[in-house]
Amino acid sequence: MDIGEHAHVVKRDSDLRHQVGQRRSRMGRWPARPGEIDFRGLVNLFVILLFVGLFGFGIWWVIKSLGEAGQQYTDAMVQTKYNAETVECQNTLHVIGQNIQMYTLTNETFPDSLETLAEWTGDSRILRCPAGDHQSYIYIPGQRPDMRGENVLVYEKEPVHDGKCGVLLLNGRNLLLSPQELQIALTQTRRQLPKQNQ
């Protein structure tokens with residue numbers, strides 16, 4: 001191959017590379033020419049929009065899920081606190097019942113009031129419910145150990161435990177009663193009392 005032929009081959013290769021380059025550049029432009037539609041560009045745009053939409057939906061779903069989980073957690077914490085206060089109230093009523101039994105064994109009579117019992121035990125915490133607004137317990141004096149065991153001895157006036165009131169019966173049982181149930185139990189208890197204590 002002589003130099004002339006070699007120059008001709010190089011020029012032909014150069015022309016081919018130039019034509020291929022022009023085709024590639026035309027295919028990469030958007031739009032390639034006025035009036036032409038570049039489908040690759042449209043597909044790329046569609047994929048980008050789809051990706052952004054899915055990403056946005058994912059973020060929305062995570063935020064929504066976290067909000068619901070946060071609300072469930074908050075509700076559970078409130079319920080747990082409420083349950084703890086109810087258990088503490090029931091425990092306080094149990095302590096009152098035990099102290100009344102010890103007072104009765106020592107003095108052969110029930111105390112005149114919860115204040116008398118608190119002075120005798122040295123524990124003023126037994127006067128109030130630990131739940132809600134810490135309302136005072138109400139004591140029904142004038143009862144004896146030989147009276148009906150279902151008589152109400154100590155109770156809460158306001159229903160602070162999920163619409164129920166804490167109650168200590170004469171037999172030492174603790175109950176949670178609705179206000180209507182409490183009124184029925186109080187009426188039955190007062191019928192058993194001597195006239196001066198009603």
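Residues numbered from 1 in each chain as written. Predicted model: local features only at pLDDT ≥ 70, side-chain atom pairs only at ≥ 80, totals over all residues. Heavy atoms only, no water.

Trainee: Would you mind going over the environment of Ala118 with me for this structure?
Mentor: Within the secondary structure layout, Ala118 lies in helix α3 (residues 114-121). When residues no more than four places from it in sequence are discounted, the contact partners of Ala118 are Asp123, Ser124, Ile126 and Leu127. (Helix = DSSP H or I, 4+ residues; strand = E, 2+ residues; numbered from the N terminus. Contact = heavy atoms within 4.5 Å.)

Trainee: Would you take a moment to explain helix α4 (residues 179-192) for this structure?
Mentor: Residues spaced three or four apart along an α-helix point in a common direction, a consequence of the helix completing one turn every 3.6 residues. With 14 residues, α4 extends 20 Å from end C-alpha to end C-alpha; this agrees with the ideal 20 Å at 1.5 Å per step. Those residues of α4 lying buried are Leu182, Ala185, Leu186 and Thr189. End-on, the buried residues of α4 take up no more than an arc of 105 degrees, which puts them together on one face. Opposite the buried face of α4, by more than 90 degrees, sit the exposed residues Gln180, Ile184 and Arg191. Residues of α4 that are buried make contact with β2 (152-155), β3 (165-169) and β4 (174-177). (Expected span 1.5 Å × (residues − 1). Buried < 20%, exposed > 50% of the residue type's maximum accessible area, 1.4 Å probe, protein only. Arc of directions from axis to C-beta.)

Trainee: Would you mind showing me how to read α3 here?
Mentor: Where α3 is concerned, the buried positions are Leu114, Leu117 and Ala118. Along the long axis of α3, the arc covered by the buried residues comes to 100 degrees, so they all point the same way. Two or three places before Glu115, at the opening of α3, Ser113 has a side-chain oxygen 3.4 Å from that residue's backbone nitrogen. Just past α3, the residue Gly122 takes up positive phi, approximately 80 degrees. (Polar contact = N/O pair within 3.5 Å; in protein donor to acceptor, adjacent residues only side chain to side chain.)

Trainee: Is there a simple way to think about the sheet that holds β3 in this case?
Mentor: Pairing between sheet strands relies on hydrogen bonds along the backbone, with the strands arranged either parallel or antiparallel. Taken in spatial order, the 4 strands make up an open sheet running β1-β2-β3-β4, and their pairing is antiparallel. For this open sheet the edge positions go to β1 (138-139) and β4, each flanked by a neighbour on one side alone. Where β3 lies against β4, 4 bridges are found, and the strand directions are antiparallel. Within β4, the residue paired with Cys165 across the bridge is Leu177. (Pairing = 2+ DSSP bridges.)

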